[in-house]
Each structure stands twice: as structure tokens, then as C-alpha cells.
Amino acid sequence: MNYKEVLKQSKLSLTSHRIELLKILATRERALSEKEIEGLMRGNCNRTTIYRNLNSLVEKKLVHRILSEEAVKYKLIAVNQNNSSDPDHVHFECTNCNTTYCMEELEIKDFELPDGFQKTENQFIILGICKNCHYENS
Ligand SMILES: [Zn+2]
Ligand SMILES: [Zn+2]
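In this report, we go over the structure that sits alongside the text.

**Things to note about the pairing of strand 2 (residues 63-67)**
Okay, so step 1: Summarising the sheet, strand 2 and strand 3 (residues 72-76) pair through five bridges and their orientation is antiparallel. Paired with Leu67 across the two strands is Val72, which belongs to strand 3.

Following this line, the structure appears as C-alpha cells:
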């Protein structure tokens, strides 16, 4: 993936922090918590900077935020083309290994909200045992 191109297309300035964040997220299959990301960032980069940069990536729908039971986690959205595909999909969190999976094929349907309520974000998490843990136990 060309991170610079991705940032440019999203009209975000190219900062080394943003590129590094994208790289970190791109190499992991599971969603990472803020703490994990913090640990993976090289150099001195404080929490506020990381958080601010993550937020801008979330706003541009390059990364999505998952409010899991354990922590707030971040995952790179497959940025292969410019389809502003709705990133609202179901997440699965394993209560055994705490891994959060994206279930991109499971879309969250748009619920009709009562008058006066406005959606900003959909979050749908299924808790359970993942297939890796399932095999371990059987
Ligand atoms: Zn598991
Ligand atoms: Zn996801």
C-alpha cells in the first residue's frame, strides 16, 4: 500500500506519525488498542499526538474505531480503492484471547432512530470464543 498516496487522497497532510500509524495497523490482522499502538510507535511520540492522529484517520474513514469491552481499538480499513464503502460492520471480540476481529461481510443495518436522534457511529460487537481458541479447547 502506498501510504503517502492514501493520505494525499484523503487530503491529510503527510506526517511521519500518520505514515507510521498506517504501517503499524497494516501489518496486523487484528485490531490494536491504543496502548498496543503506543508501544509499537518508534521514537518519542506522546499519547496525545497518537490519539489526535488516530482520530484524523478515523474521520477520513481510513481507520475505524472499535469500542470493545476491553479497550478502544483501531483497525485499518481496506483502502484498496476510493470506494467510500460503509465501514459499519460487525466486530467479534474473543473473551478468551481478547482478539477483535472485523467481520466485514456482516454489515450493520441502519436502524431507524426516533425523531431527534442522530447517528454518528455504529458499533456492534459480538462477544464469544474465536476459532483459534475454540480449537485449542477441543
Ligand atoms: Zn480467541
Ligand atoms: Zn472492523
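**Overview of the sheet that holds strand 3**
Okay, so step 1: The three strands are arranged 1-3-2 in an open sheet whose pairing can be described as antiparallel. Because the sheet does not close on itself, it has two edges, and the strands there are strand 1 (32-33) and strand 2.
Okay, so step 2: In the packing of helix 4 (residues 47-59) onto the sheet, the strands contacted are strand 2 and strand 3, and the crossing angle to strand 2 comes to about 105°.

**Quick word on the nonpolar core**
Okay, so step 1: Among the nonpolar cores identified, the biggest contains 15 residues, and Leu21, Leu25, Val63 and Tyr74 are the most heavily contacted of them.
Okay, so step 2: Among the secondary structure elements, those contributing two or more residues to this core are helix 1 (3-9), helix 2 (16-26), helix 4, strand 2 and strand 3.
Okay, so step 3: A total of three residues in this core trace back to one element, the largest contributor, which is helix 2.
Okay, so step 4: If we skip the residues at most four places from it in the chain, Tyr74 touches Leu25, Ala31, Leu32, Ile37, Leu54, Val63 and Arg65.

**Notes on unusual backbone geometry**
Excluding glycine, most residues fall at negative phi; most peptide bonds, likewise, are trans.
Okay, so step 1: Its identity as a non-glycine residue notwithstanding, Lys61 has a phi of 60°, on the positive side.
Okay, so step 2: The residue Lys61 is located in the loop between helix 4 and strand 2 in this model.
Okay, so step 3: For Asn98, which is not glycine, the phi dihedral falls at a positive 65°.
Okay, so step 4: Mapped onto the elements of the fold, Asn98 is located in the loop between strand 4 (89-94) and strand 5 (100-107).
Okay, so step 5: Here Asn98 falls in the partly exposed class, since 15 other C-beta atoms lie within 10 Å of it.

**Points about helix 4**
Okay, so step 1: With 13 residues, helix 4 extends 18 Å between its outermost C-alpha atoms, agreeing within 8% with the 18 Å of an ideal straight helix rising 1.5 Å per residue.
Okay, so step 2: For helix 4, the set of buried residues is Asn53, Leu54 and Leu57. With its buried residues spanning 100° around the axis, helix 4 presents them on a single face. Within helix 4, the exposed residues directed more than 90 degrees away from the buried face are Arg47, Thr48, Arg52 and Glu59.
Okay, so step 3: The inward-facing, buried residues of helix 4 contact helix 2, strand 2 and strand 3.

**What about helix 2?**
Okay, so step 1: Within helix 2, burial applies to Arg18, Leu21, Leu22 and Leu25. Buried residues in helix 2, looked at end-on, bunch into an arc of 95°, giving them a common side.
Okay, so step 2: Against the buried residues of helix 2 lie helix 1, strand 1, helix 3 (34-40), helix 4, strand 2 and strand 3.

How each quantity is defined
- Residues numbered from 1 in each chain as written.
- Chains lettered and ligands numbered in written order.
- Predicted model: local features only at pLDDT ≥ 70, side-chain atom pairs only at ≥ 80, totals over all residues.
- Pairing = 2+ DSSP bridges.
- Helix = DSSP H or I, 4+ residues; strand = E, 2+ residues; numbered from the N terminus.
- Contact = placed C-beta atoms within 7 Å.
- Axes fitted to C-alpha atoms, helices over the stretch in contact; angles between N-to-C directions.
- Core = buried A, V, L, I, M, F, W, Y, C linked by C-beta atoms within 7 Å.
- Buried ≥ 20, exposed ≤ 12 C-beta atoms within 10 Å, placed from the backbone.
- Expected span 1.5 Å × (residues − 1).
- Arc of directions from axis to C-beta.

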